[in-house]
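# Survey of secondary and tertiary structure
The residues making up each chain are set out below.
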Amino acid sequence: MIFDFEEASIPLESWIEIGVNWLVDNFRPQFQAVKWPVEKTLNGIDGLLQMAPPIVFLVLLFIIAWRAANWKVGVFGVLTFLLVGFLGLWQETMTTLAMVISAVVFCVIVGVPLGIIAARSERFADSIRPLLDAMQTTPAFVYLVPVVMLFSIGTVAGVIATIIFSMPPIIRLTNLGIRQVREDVVEAAHAFGATESQILWKVQFPLALPTIMAGLNQTMMLSLSMVVIAALIGAGGLGEPVFEGLNSLRVGLAGIGGLSIVLLAMVLDRISQALGVSKHTQKKEG
Amino acid sequence: MTEKVVVKDLFKIFGHDPKSGLKLIEEGLDKEQIFEKTGLTVGVREASFTVNAGEIFVVMGLSGSGKSTLVRMLNRLIEPTAGEVFLDGENITKMNRKSLIDMRRHKMSMVFQSFALMPHLTVLQNASFGLDISGLGKQEREERAMNALDQVGLKPYADSLPQELSGGMQQRVGLARALAQDPDILLMDEAFSALDPLIRSEMQDELLKLQEISERTVIFISHDLHEAMRIGDRIAMMEGGRIVQVGTPDEILKNPADKYVKSFFRGVDPTTVFSAKDVARKSQLTLRWHKGEGAPRAALEQLREEDREFGYVIDKQRKFMGVVSTDSLESAMARDENTLDAALLDNVEPVPAETPLQEILAVVRRYEFPVPVVDEDNVYLGVISKNAFLRTLEAGVPETGAGTA
Ligand SMILES: Nc1ncnc2c1ncn2[C@@H]1O[C@H](COP(=O)(O)OP(=O)(O)OP(=O)(O)O)[C@@H](O)[C@H]1O
Ligand SMILES: [Mg+2]
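Computed from a predicted structure; not experimentally measured. (Residues numbered from 1 in each chain as written. Chains lettered and ligands numbered in written order. Predicted model: local features only at pLDDT ≥ 70, side-chain atom pairs only at ≥ 80, totals over all residues. Heavy atoms only, no water.)

As far as domains go, chain B holds domain 1 (51-82 + 95-269) and domain 2 (276-395). Domain 1 of chain B and domain 2 of chain B are separated by 46 Å when their C-alpha centres are compared. (Domains from an automatic or database assignment.)

Residues and elements named next belong to chain B. Around ligand 1 there are 13 residues in total, and Ser-63, Gly-64, Lys-67, Ser-68 and Thr-69 lie nearest to it. One nitrogen or oxygen atom from the main chain of Gly-64 is found 2.8 Å from an oxygen atom belonging to ligand 1. Side-chain polar atom of Thr-69 to an oxygen atom of ligand 1: 2.4 Å apart, as the coordinates give it. At the level of secondary structure, the elements contributing two or more residues to the shell around ligand 1 comprise strand S2 (41-52) and helix H3 (67-74). (Near = heavy atom within 4 Å. Polar contact = N/O pair within 3.5 Å; in protein donor to acceptor, adjacent residues only side chain to side chain. Helix = DSSP H or I, 4+ residues; strand = E, 2+ residues; numbered from the N terminus.)

Adjacent strands of a sheet form backbone hydrogen bonds with each other and so pair up, either parallel or antiparallel. Residues and elements named next belong to chain B. Strand order in the open sheet formed by 3 strands is S11-S12-S13, and the pairing between neighbours is mixed. Only two strands of the sheet have a single neighbouring strand rather than two, namely strand S11 (286-288) and strand S13 (320-325). For this sheet, the mean inter-axis angle between neighbouring strands, taken without regard to orientation, is 35 degrees. Relative to strand S12 (residues 310-314), S11 runs parallel, the two being bridged by 3 bridges. Bridge pairing links Thr-286 to Tyr-312 in S12. Here helix H15 (residues 295-306) sits on the sheet and contacts S11, S12 and S13; the angle it forms with S11, its principal contact strand, is near 155 degrees. (Pairing = 2+ DSSP bridges. Axes fitted to C-alpha atoms, helices over the stretch in contact; angles between N-to-C directions. Contact = heavy atoms within 4.5 Å.)

Residues and elements named next belong to chain B. The mixed open sheet is built from 6 strands, whose spatial order is S6-S7-S8-S3-S9-S10. A single partner strand is all that each edge strand has here, and the edge strands are strand S6 (108-111) and strand S10 (242-247). For this sheet, the mean angle separating the axes of adjacent strands, direction not counted, is 20 degrees. Across 4 bridges, the pairing between S6 and strand S7 (residues 185-189) is parallel. The residue bridging Val-111 from the neighbouring strand is Met-188, located in S7. Relative to S6, helix H8 (residues 167-180) is tilted by about 175 degrees, and along the sheet it contacts S6 and S7. In this fold helix H9 (residues 197-213) packs onto strand S3 (56-61), S7 and strand S8 (217-222), with an angle of close to 150 degrees to the strand it touches most, S3.

Residues and elements named next belong to chain B. Model confidence for chain B is summarised by a mean pLDDT of 87, while 94% of its residues fall at 70 or above. With pLDDT under 50 throughout, residues 400-405 is counted as low confidence; its partners more than four residues away or in other chains account for 7 contacts. What the predictor reports for the complex is a pTM of 0.75 with an ipTM of 0.77. (pLDDT = per-residue confidence, 0-100.)

Printed below as a string of structure tokens:
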């Protein structure tokens, strides 16, 4: 019988294993080089957040939320984190926050320049579009596979998966934002003798900023969702109580974990959305 | 008069392989034929002209005739396909990137139809944009920008955002941004076209006023004849990428090069464009003035012979002396006063040559005879009859042979 799945099977599994082992053996330095800055950043931020007394953190949070948005968001943020603390999930929340911040930092560092290049080169934009599409359609869960294969498990691997997963919006919206800048304004800058880099930094980038900020907001939301899923590969953080609760049928534990994630998401969303808006309306010093 | 900008055989062809379009142009094909054959668009073809220092040079033509393309080749926002542009004798088309940027920063500034202001910058920051780009310190550039804003009357709005201002004010900011550079040459691409008529003529006056204070070379694009006539020292007419005529407004009006140019004048209110001398005709009998006795009789004879009622008296230098009629001559003779002086009609005021037609209507109506027109030396140029005046209004153009005939 041709369709006897028991008898004949494609040994893809072992091929992948061989392939990955080969990659890891031969490109160890490269993978380490990727891992190293992520690890340092993550540890730095995580250490800071874990170390800071909750009261200091809450005051800073209030100030940031208040400056970026308004005092209501500040109060909301403080209440959220107080609740999370009293639920006994302070440490997990700090880990999750550290992972999100690290991931977003790398997304911005890598994504904004890629978006800028895409806006200036049709060929580059065309060539990364399918890649970005693939990145966005791949279910979050599946991301963990190659990451674990190449970077093994743990918090750093979780952040790397998160970076890849949440990168597309900031690239797309940086590209879009710059392309949306009115052509006549760019022409005027040319007419007044602006160089290419002056046009980018004095005209295109500031005018694209609200759109880029919208991309940042999306990236941040995506990375929060991915960070939670990354608990599956031992990344820790708020995903862990949810994961553990589901595994051992402790619905209450899963519930408080879930609630904390939702509240955290709301706080981050409000703050990052407000960043984009305030930058837009605020008069800038020339 | 010094030549500021010299344009020689300038071509712009849009599309792939523009050089192949050049060949077709040489073969004598026109814009439409070339587009049908190759898909190439002829933007500008064989443009040659000179702009003098200090003049307002208007480029006029219908939409798509290549005006914007032409001026953008002057600062190379659009790269010419062939030809040369000289600014103060220096070949712009051969400039490298650095000198080109330098030239844009210091010699040529541009004002845009869409204003093209930076929405994220205040009025003052917009006005100092060009100076900022050229690396001027904050204090100096704001001082100069403030000065420019003052020139266009916008100083109080320095801290507003452009979108808080009306269209006319926004374009003043655009103008201030260009003026702040203190450029030799202002390029204005339909700078006032987006403004409503009242604001538009206000801006035209503003520009003329600025020209009085410090004379710049202005290259001004317009598709509006009124505007061109009002502000242009010289006008270049464009059609299908070609410059079909260059001349002063008067020259172009009186001797339009072809039907296309002529067609522009249809629909133009002639009373704003023409002045008395354009309509004056020497259709009336002139009488030579002399002191001698018996002059009225001779004059009367002449009038009767020519079957005229009125005669226009001029002296040896053709200076206008007055008007006589058969009646006035007869009554003078009846009074036994035998000089022409005695027969001159009272209260006849000749019209100066430069009087706009608008103001002549009332005068023409006041007299029962055609109104005499004189130049600044009181030399008789002809008359304007009610009929001729009305015909001009109807036709939009003075009848041929007008003016100097
Ligand atoms: N970038 C371009 N690519 C292709 N064709 C162009 C381009 N720019 C202009 N053209 C064409 O060149 C011709 C001249 O255009 P241009 O914009 O100079 O006309 P214009 O006289 O300024 O018209 P308008 O009064 O509408 O501004 C038109 O046929 C136009 O379609
Ligand atoms: Mg145009």
